[in-house]
Each structure stands twice: as C-alpha cells, then as structure tokens.
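As a plain string of letters, each chain reads:
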Amino acid sequence: QVQLVESGGGLVQPGGSLRLSCTASRSIVGVLRMGWYRRAPGKQRELVALFTSGTSTNYGDSAKGRFAISRDNAKNTVYLQMNGLKPEDTAVYYCNGYFPSYNRAFWGQGTQVTVSS
C-alpha cells in the first residue's frame, strides 16, 4: 500500500498564500498522474491541479492563474502553491496519485484550508 500525507493547510486571510505538500511513502518516479482535489462543504469534490503525464499539468478553472503545482521526485513530494486565496477556496484539500505498480490510485487523508478574515 501507499500512504499519502498532506500538510500545510491552515487558516489564512483573503489574499494570502499557502503551500500544501503531499509526501508519498513510496517513490513517485513513474507516477505520472498525481495532484490535488478539494471538497468544500456541501459541494462535490473538484479538481484543483494535476500532473497528467509527468510534467504536463491540468488545472481546475478556480485554480488557473493563482495556484501552481510542482513536484520533487527525490523527496517523493508534490506541492501546491496557492496565492491570492479567496474565501471560496475554503475546503479540505486531498492528494491523489495513481501508482502503476499497484494499478490503482491512492488518496491522502486531506488537509483543511480555511480562508477567512
């Protein structure tokens, strides 16, 4: 099994920034599809940012221009830099990665992001 552990969430004021981290218990080299989703209260889970094929990325509409996904394979970690945060970004942010050696995707436990003054 693979554990994905998110960190970096918290309370931030509107306009502020946070950087989320997702560290995997196994190497993410070769894990081409890995990224972030979120679920806000009363809403469905939505895509935030995703590596789709190693270096190619896909962003949800709400994240374009404000958020950036990156990865450090040596640290088995994927990051989400979030700038210009808005109250509507308040949600639990989940890391997800498809590990070919297991032929399945794994989810982290989530990290809460709250944007409020």
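Residues numbered from 1 in each chain as written. Predicted model: local features only at pLDDT ≥ 70, side-chain atom pairs only at ≥ 80, totals over all residues. Heavy atoms only, no water.

Colleague: It is not clear to me how the nonpolar core should be interpreted in this structure. Could you clarify?
Modeller: Soluble globular proteins: nonpolar side chains tend toward being buried together. Formed by 29 residues in total, the largest nonpolar core has its most connected members in Leu4, Trp36, Leu80, Met82 and Tyr93. Listed by contribution, the elements that provide at least two residues to this core are strand E3 (18-24), strand E4 (34-39), strand E5 (46-51), strand E7 (67-72), strand E8 (77-82), strand E9 (91-99) and strand E11 (111-115). Beyond its immediate chain neighbours, meaning those up to four positions away, Leu4 contacts Cys22, Thr23, Ala24, Met34, Cys95, Asn96, Gly97, Phe99, Phe106, Trp107, Gly108 and Gln109. (Core = buried A, V, L, I, M, F, W, Y, C linked by side-chain atoms within 4.5 Å. Buried < 20%, exposed > 50% of the residue type's maximum accessible area, 1.4 Å probe, protein only. Helix = DSSP H or I, 4+ residues; strand = E, 2+ residues; numbered from the N terminus. Contact = heavy atoms within 4.5 Å.)

Colleague: Just checking my understanding: could you explain the state of the cysteines for this structure?
Modeller: One way to say it: the disulfide is the covalent bond shared by the sulfur atoms of two cysteines. Counted according to the given criterion, the structure contains 1 disulfide. The disulfide bridge from Cys22 ends at Cys95, spanning 2.0 Å between sulfur atoms. An S-S torsion of about -80° defines the bridge between Cys22 and Cys95 as left-handed. One end of the pair, Cys22, is in strand E3; the other, Cys95, is in strand E9, and 73 residues separate them in sequence. A single burial state applies to Cys22 and to Cys95, both of which are buried. (Disulfide = S-S within 2.5 Å.)

Colleague: What is the right way to look at the environment of Gly8 in this model?
Modeller: Within the secondary structure, Gly8 sits in the loop between strand E1 (4-7) and strand E2 (10-12). Linking Gly8 and Tyr79, residues 71 residues apart in sequence, is a C-alpha distance of 9.6 Å.

Colleague: Mind showing me how you'd approach the environment of Leu20 here?
Modeller: Note on placement: Leu20 falls in strand E3. Between the C-alpha atom of Leu20 and that of Gln1, which follows or precedes it by 19 residues, the distance is 22 Å. When near neighbours in sequence (up to four residues on either side) are disregarded, Leu20 contacts Ser7, Gly8, Gly9, Trp36, Val78, Tyr79, Leu80, Met82, Tyr93, Thr111 and Val113.

Colleague: Quick question: what am I supposed to make of the sheet that holds E7 here?
Modeller: The strands that make up a sheet are held in pairs by hydrogen bonds between backbone atoms, and each pair lies either parallel or antiparallel. Strand order in the open sheet formed by 4 strands is E1-E3-E8-E7, with antiparallel pairing between adjacent strands. On the outer flanks of this sheet lie E1 and E7, each paired with one strand and no other. On average, adjacent strands in this sheet sit at an angle of 15° to one another, irrespective of strand direction. Relative to E8, E3 is paired through 6 bridges, and the arrangement is antiparallel. (Pairing = 2+ DSSP bridges. Axes fitted to C-alpha atoms, helices over the stretch in contact; angles between N-to-C directions.)

Colleague: What's the story with the pairing of E4 in this structure? I'm lost.
Modeller: Residues in a regular strand point their side chains to alternate faces of the sheet. Most of E4 is tucked away, with 5 of its 6 residues classed as buried. As judged from the 5 bridges shared by E4 and E5, these two strands associate in the antiparallel manner. Paired with Arg38 across the two strands is Glu46, which belongs to E5. Taking the residues that link successive antiparallel strands as the turn, the E4-E5 hairpin has 6 residues, and the phi of Gly42 there is positive, at about 75°. Pairing analysis gives 6 bridges linking E4 to E9, with the strands arranged antiparallel. Residue Arg38 lies in a different strand from E9, and its bridge partner there is Tyr93.

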